[in-house]
Amino acid sequence: MEALVHAGGKGTRMGKCGIEKPMMKVGDKCTVERVIDALRGSKNIDRILVSVSDNTLETEKYLKEIGVETVRTSGDDFMGDLHQALSCLEGDYVLTTPSDLPLITTEIFDSIIDYFIPGTMDSLLAVIDEETVRNIGIIPSYTREYRGNSWVLSGVSIIDRKKTLDGEYLREDLYETNWPELSVNVNTQLELGLARSFFKE
């Protein structure tokens with residue numbers, strides 16, 4: 001399966017700190033590199049593409065230096081960027097992930113992929129129990145009700161590439177977890193601090 005890492009956003013919630021969000025360090029590596037390392041370890045992933053933009057030129061430069069394939073998108077509109085990047089891929093299904101999940105592991109990616117059923121599922125969204133997210137100090141901006149519980153989207157998903165490009169409706173299945181590693185998206189200074197504290201532990 002191919003993997004697409006989103007690293008072209010403006011990162012406005014992080015504030016002006018002089019460093020592009022994907023390049024924020026957690027431990028001795030930047031967040032985008034931690035995501036890529038987890039993907040590279042997967043038995044299921046045979047190609048990794050990172051979408052970058054004019055918002056993340058330093059990220060693009062760094063990724064090229066370490067041998068990671070990138071594609072330049074507009075950085076203005078998520079769906080537009082997604083379609084641009086998917087057009088550069090070839091597989092039937094693509095795992096997509098944000099670049100700001102520095103705690104994610106190869107095992108998590110493999111678990112999500114193993115759960116996915118090609119041909120039966122159009123898309124699979126990895127979600128985290130809201131209580132798990134709140135217990136580590138994050139207030140979710142959006143939750144989804146399902147089977148009597150509240151879930152937070154992790155940003156990790158598997159989608160039917162061709163149907164997405166054709167604008168077709170994708171049936172959504174949820175992969176329910178209580179994993180803190182999926183909970184910490186580094187969107188704010190608070191979340192960056194949380195990620196760093198988890199890593200130290």
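For the structure, check the block above.
Note that the structure is a prediction, hence the values are computed from the model and not measured.

(A) Structural context of the pairing of strand β5 (residues 69-72). Taken together, the four bridges between strand β4 (residues 47-52) and β5 define a ladder with parallel strand orientation. Residue Val 50 lies in a different strand from β5, and its bridge partner there is Thr 70. At this point the chain moves from β4, through helix α2 (residues 57-65), to the parallel β5, and the crossover so formed is right-handed.

(B) How the structure looks around the nonpolar core. If you look at the biggest cluster of nonpolar residues, it comprises 45 residues, and the most contacted ones within it are Leu 39, Val 50 and Ile 104. If you list the elements that add at least two residues to this core, you get β1 (2-6), α1 (31-40), β4, β6 (93-98), α4 (106-115), β7 (123-129), β9 (149-160) and α8 (189-200). Looking at this core element by element, the count peaks at five residues for α1. For Leu 39, the contacting residues outside a window of four places in its chain are Ala 3, Val 5, Ile 45, Ile 48, Leu 95, Thr 97 and Phe 109.

(C) Examining unusual backbone geometry more closely. One non-glycine residue with positive phi stands out, namely Arg 147, at about 50°. With respect to the element layout, Arg 147 can be found in the loop between β8 (144-146) and β9. Since its relative accessible area comes to 66%, Arg 147 is described here as exposed.

(D) Seen up close, the pairing of β6. In terms of burial, β6 is a largely internal element, six of the six residues being buried. Taking every second residue as pointing to the same face, both faces of β6 are buried, with Tyr 93, Leu 95 and Thr 97 on one and Val 94, Thr 96 and Pro 98 on the other. Relative to β6, β1 runs parallel, the two sharing five bridges. Within β6, the residue paired with Ala 3 across the bridge is Leu 95.

(E) Structural view of the pattern of salt bridges. Applying the stated criterion to the full structure yields 16 salt bridges. For the salt bridge of Lys 43 with Asp 110, the shortest nitrogen-to-oxygen distance reads 3.8 Å. Here Asp 110 lies in helix α4 and Lys 43 lies in the loop between α1 and β4, a separation of 67 residues in the sequence. Residue Lys 43 is classed as exposed on the basis of its relative accessible area of 61%. Judged by relative accessible area, which is 11%, Asp 110 ranks as buried. Across the pair Lys 43 and Asp 114 runs a salt bridge whose closest N-O atoms are separated by 3.5 Å. Pair noted here: Lys 43 is in the loop between α1 and β4 and Asp 114 is in helix α4, with a separation of 71 residues, a long-range link. Three or more residues are tied together by salt bridges with common partners; here these are Asp 54, Glu 60, Lys 64 and Arg 72.

How each quantity is defined
Residues numbered from 1 in each chain as written. Predicted model: local features only at pLDDT ≥ 70, side-chain atom pairs only at ≥ 80, totals over all residues. Heavy atoms only, no water. Pairing = 2+ DSSP bridges. Helix = DSSP H or I, 4+ residues; strand = E, 2+ residues; numbered from the N terminus. Right-handed = clockwise from strand over helix to strand, strands pointing away. Core = buried A, V, L, I, M, F, W, Y, C linked by side-chain atoms within 4.5 Å. Buried < 20%, exposed > 50% of the residue type's maximum accessible area, 1.4 Å probe, protein only. Contact = heavy atoms within 4.5 Å. Salt bridge = Lys/Arg side-chain N within 4 Å of Asp/Glu carboxyl O.

By themselves, these observations are geometric and do not establish any function.
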